[in-house]
Structure formats: structure tokens, C-alpha cells
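Coordinate inspection notes
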Amino acid sequence: FTSKNPCDFIVFSDIKMYKLELKSLKGKSLPFSSIKEHQIDGLVDSCNKGIRGWFIVNFRDVAETYAISAFLSAY
């Protein structure tokens with residue numbers, strides 16, 4: 001059994017809603033295979049509805065974390 005949730009967390013701040021997909025990886029790059037198609041589709045769909053979708057990527061080997069807008073990954 002595998003879940004097909006589009007994100008790991010849903011966060012509310014004032015009147016804004018955020019959907020966050022969290023990734024923690026070894027190394028210095030994000031393989032496309034780490035992000036499932038339904039996650040991209042779900043977050044991009046949320047962005048089209050006014051919800052802010054983000055991929056939060058932590059690279060453990062270099063101790064750096066980045067936020068990538070799902071809206072931008074649609075283009």
C-alpha cells in the first residue's frame with residue numbers, strides 16, 4: 001500500500017494556505033526520481049487554486065535547505 005498524498009504538510013498562516021512537500025537527501029543534487037508525478041501535479045494544481053505549494057529540499061551532506069515553488073516548476 002502506498003499513499004498518493006500531494007504533500008507532507010498543510011500550513012495555515014493568517015489567510016494563506018501552504019502545501020509543503022519535504023525532501024531530505026544525501027549528496028548535492030535532487031534526482032527527479034525523488035519527486036513523484038502525483039506530487040508535482042497536486043502541488044501545481046493547488047497553486048492554480050491560490051494555494052501556495054512548495055518543495056522544501058534539505059541536502060544533508062552540505063547542511064543546506066532550499067524552497068522551490070511548485071508554481072515555478074510547472075513552467
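Whatever comes next refers back to the structure up there.
What counts as what
Residues numbered from 1 in each chain as written. Predicted model: local features only at pLDDT ≥ 70, side-chain atom pairs only at ≥ 80, totals over all residues. Heavy atoms only, no water. Core = buried A, V, L, I, M, F, W, Y, C linked by side-chain atoms within 4.5 Å. Buried < 20%, exposed > 50% of the residue type's maximum accessible area, 1.4 Å probe, protein only. Helix = DSSP H or I, 4+ residues; strand = E, 2+ residues; numbered from the N terminus. Contact = heavy atoms within 4.5 Å. Phe/Tyr/Trp six-rings, centres within 6.5 Å; stacked < 30°, edge-to-face > 60°. Pairing = 2+ DSSP bridges. Patch = residues over 30% accessible without salt bridge, like charges linked within 9 Å, V, L, I, M, F, W, Y side chains within 5 Å. Areas by Shrake-Rupley, 256 points an atom, 1.4 Å probe, with all protein chains shown as cover. Salt bridge = Lys/Arg side-chain N within 4 Å of Asp/Glu carboxyl O.

**Section: the nonpolar core**
The tendency in soluble globular proteins is for nonpolar side chains to be buried as a group. Residues Cys-7, Leu-25, Ile-35, Leu-43, Cys-47, Phe-55, Val-57, Phe-59 and Ala-70 constitute the largest nonpolar core, which totals 9 residues. Elements with a minimum of two residues in this core: α1 (37-48) and β3 (52-59). Top contributing element to this core by residue count: β3, with 3 residues. Among residues more than four places away in sequence, those in contact with Cys-7 are Lys-19, Leu-20, Glu-21 and Leu-43.

**What to know about unusual backbone geometry**
Residues other than glycine predominantly adopt negative phi, and peptide bonds predominantly adopt the trans conformation. Not every positive phi belongs to a glycine, and Asp-14 is a case in point at roughly 55 degrees. With respect to the secondary-structure elements, Asp-14 resides in the loop between β1 (9-13) and β2 (16-25). We note that Ala-63 has phi near 50 degrees; this positive angle belongs to a residue other than glycine. With respect to the element layout, Ala-63 can be found in the loop between β3 and β4 (64-69).

**Digging into the packing of aromatic side chains**
Given two aromatic rings, their pairing is described by the distance between the two centres and the angle made by the two planes. Under the defined criterion, the tally for this structure stands at 1 aromatic pair. Considering the side-chain rings of Phe-59 and Tyr-66, the 6.0 Å spacing of their centres and the 65 degrees angle between planes classify their relative orientation as edge-to-face. When its relative accessible area of 9% is taken as the criterion, Phe-59 is described as buried.

**Examining the pairing of β4**
With 6 bridges connecting them, β3 and β4 associate as antiparallel partners. From the neighbouring strand, Asn-58 faces β4, where its bridge partner is Thr-65. Linking β3 back to β4 in an antiparallel pair, the connection comprises 4 residues, with Ala-63 at a positive phi of about 50 degrees.

**Re a nonpolar patch on the surface**
On the surface, Phe-9, Val-11 and Leu-22 cluster together to form a nonpolar patch covering roughly 240 Å² of accessible area. Position of Phe-9 among the secondary structure elements: in strand β1. Classification of Phe-9 as partly exposed rests on a relative accessible area of 47%.

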